[in-house]
Amino acid sequence: MSASNDYTPPKVWTWTKESGGRFANINRPIAGPTHEKDLPIGRHPLQLYSQGTPNGVKVTIMLEELLALGHQGAEYDAWLININDGDQFGSGFVAINPNSKIPALVDRSGPKPIRVFESGSILVYLAEKFGAFLPTEAAARAECLSWLFWQMGSAPYLGGGFGHFYAYAPTKIEYAIDRFAMETKRQLDVLDRRLAESEYLGGSEYTIADIAIWPWYGGLVKGRLYDGAEFLQVQEYKNVVRWANQIDERPAVKRGRMVNRTSGEPSTQLRERHDASDFETKTQDKLAAED
């Protein structure tokens, strides 16, 4: 393994914006808004402010799954928060998520708007509100929530760890890539062993645990994250691949992946969603044809 002795940490760290690589323009060591900007409000009970990253996709999949079950109260407006442009630092967004991360949700169905931030919290909130995708029996509920929070603790090693150093860091650091590739493969093995004994992560039923984990680890084994599938030899995790393919075929998952998406084929990008018909009429290819 190659090593570099060129850097010695100073006694006091100082922010150097240029050191941030691809995301230097949006990363900073302080919180709070950078500019005044109100958030739009649509006509539905649920207002989602997000982008089609793995964390954002969790919530749009959940909402589309709820609608597929017939929960009309789950109708929603999905507004694009372009994180590369710093929309998450607008005053309106910071007011509903002081952590300035997508996704964030406002439930306006009651007498007073309720803000919900952090993707796992939003999934639990929606599952409890509509009584779906979260078991009520004690042991099954505990298993589901254990896997949900497994994702919360594990995915930073995949995204901020492996993904950042393998795909985005301004320099390739062998130690960092090896460290996080090892951990990502360990996590895939954890999932593979679980899915060898259970159809879904929480048990025999599809739950918010699957909805949370699939955009990250399903996306990885489907070759959609960081161009890292070959490097990590993801085909070795046959049970994860089976599970990922099974969920990938769900119609609500297909729709959820399109919402607030800003990359890929124009026909797969529905940058804002305000009605179910938007999937047929408002994708980027359809909008471009109207111009």
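So, here's what we can say about the structure. (Residues numbered from 1 in each chain as written. Predicted model: local features only at pLDDT ≥ 70, side-chain atom pairs only at ≥ 80, totals over all residues. Heavy atoms only, no water.)

Our next topic: the nonpolar core. Membership of the largest hydrophobic core comes to 64 residues, with the highest contact counts inside it found for Met62, Leu126, Ile208, Tyr217 and Trp243. Considering every element that reaches this core, the biggest residue donor is helix α6 (residues 208–221), with 10 residues. Among all residues touching isoleucine 208, those that are not within four sequence positions of it are Met62, Leu123, Val124, Ala127, Phe133, Leu134, Cys144 and Leu148. If you look at the next biggest cluster of nonpolar residues, it comprises eight residues, including Tyr49, Trp79, Ile81 and Ile96. (Core = buried A, V, L, I, M, F, W, Y, C linked by side-chain atoms within 4.5 Å. Buried < 20%, exposed > 50% of the residue type's maximum accessible area, 1.4 Å probe, protein only. Helix = DSSP H or I, 4+ residues; strand = E, 2+ residues; numbered from the N terminus. Contact = heavy atoms within 4.5 Å.)

Next up on the list: the layout of surface pockets. Quantified by volume, the largest pocket comes out at close to 1,800 Å³. In terms of lining, the largest pocket is formed by 50 residues, of which the most central are Thr53, Pro54, Ile83, Trp216 and Tyr226. When residues of the lining of the largest pocket are traced back to their parent elements, those giving at least two are α1 (54–68), α4 (138–168) and α6. At eight residues, α4 tops the list of elements feeding residues into the lining of the largest pocket. Here the residues of the lining of the largest pocket are counted per class, giving 20 nonpolar, 21 polar and nine charged. (1 Å grid on protein atoms, 1.4 Å probe; cavity = no way out; pocket = protein on both sides within 12 Å on 5 of 7 lines; lining within 4 Å. Points joined across faces, edges and corners; volume = space filled by probe spheres on them. Nonpolar A, V, L, I, M, F, W, Y, C, P; charged D, E, K, R; others polar.)

The next thing to look at is a nonpolar patch on the surface. Together, Tyr7, Trp13 and Trp15 make up an exposed nonpolar region whose accessible area comes to about 440 Å². Examined against the element boundaries, tryptophan 13 turns out to sit in the segment before β1 (46–50). (Patch = residues over 30% accessible without salt bridge, like charges linked within 9 Å, V, L, I, M, F, W, Y side chains within 5 Å. Areas by Shrake-Rupley, 256 points an atom, 1.4 Å probe, with all protein chains shown as cover. Salt bridge = Lys/Arg side-chain N within 4 Å of Asp/Glu carboxyl O.)

Within the structure shown, the criterion is met by 16 salt bridges. One salt bridge in this structure joins arginine 273 and glutamate 75, with 2.8 Å as the shortest N-O distance. A residue pair is termed long-range when its members are at least 10 positions apart, and arginine 273 in the loop between α9 (251–258) and α10 (278–281) and glutamate 75 in the loop between α1 and β2 (76–80) qualify at 198 residues. Like glutamate 75, arginine 273 is buried. One salt bridge connects lysine 129 with aspartate 107, and the closest N-O pair in it is separated by 3.0 Å. Of this pair, lysine 129 sits in helix α3 (residues 119–130) while aspartate 107 sits in strand β3 (residues 104–107), and the two are 22 residues apart along the sequence. You can call lysine 129 partly exposed: its relative accessible area is 35%. The buried category is assigned to aspartate 107, whose relative accessible area is 2%. A network of salt bridges, in which partner residues are shared, links Glu64, Glu75, Arg255 and Arg273.

Taken in spatial order, the four strands of this open sheet run β2-β1-β3-β4, and their pairing is mixed. Whereas interior strands pair on both sides, the edge strands pair on one side only; in this sheet they are β2 and β4 (114–117). Pairs of neighbouring strands in the sheet enclose a mean axial angle of 20°, with direction left out of account. Strand direction decides the pairing type here: β1 and β2, joined by five bridges, are parallel. Bridge pairing in β2 places tyrosine 49 opposite tryptophan 79. With respect to the sheet, α1 is in contact with β1 and β2, its orientation differing from that of β1 by roughly 150°. Sheet strands touched by α3: β1, β3 and β4. Its angle to β4, the strand with the most contacts, is close to 130°. (Pairing = 2+ DSSP bridges. Axes fitted to C-alpha atoms, helices over the stretch in contact; angles between N-to-C directions.)

Note on backbone geometry: most residues besides glycine have negative phi, and most peptide bonds are trans. Residue proline 103 is bonded to the preceding isoleucine 102 through a cis peptide linkage, with omega at 0°. Relative to the helices and strands, proline 103 is located in the loop between α2 (91–96) and β3. Of note, the phi angle at serine 100 is positive, near 55°, even though the residue is not glycine. Phi angles above zero are rare outside glycine, and glutamine 233 is one such case at about 50°. Within the secondary structure layout, glutamine 233 lies in the loop between α7 (229–232) and α8 (238–248). A relative accessible area of 29% places glutamine 233 in the partly exposed class.

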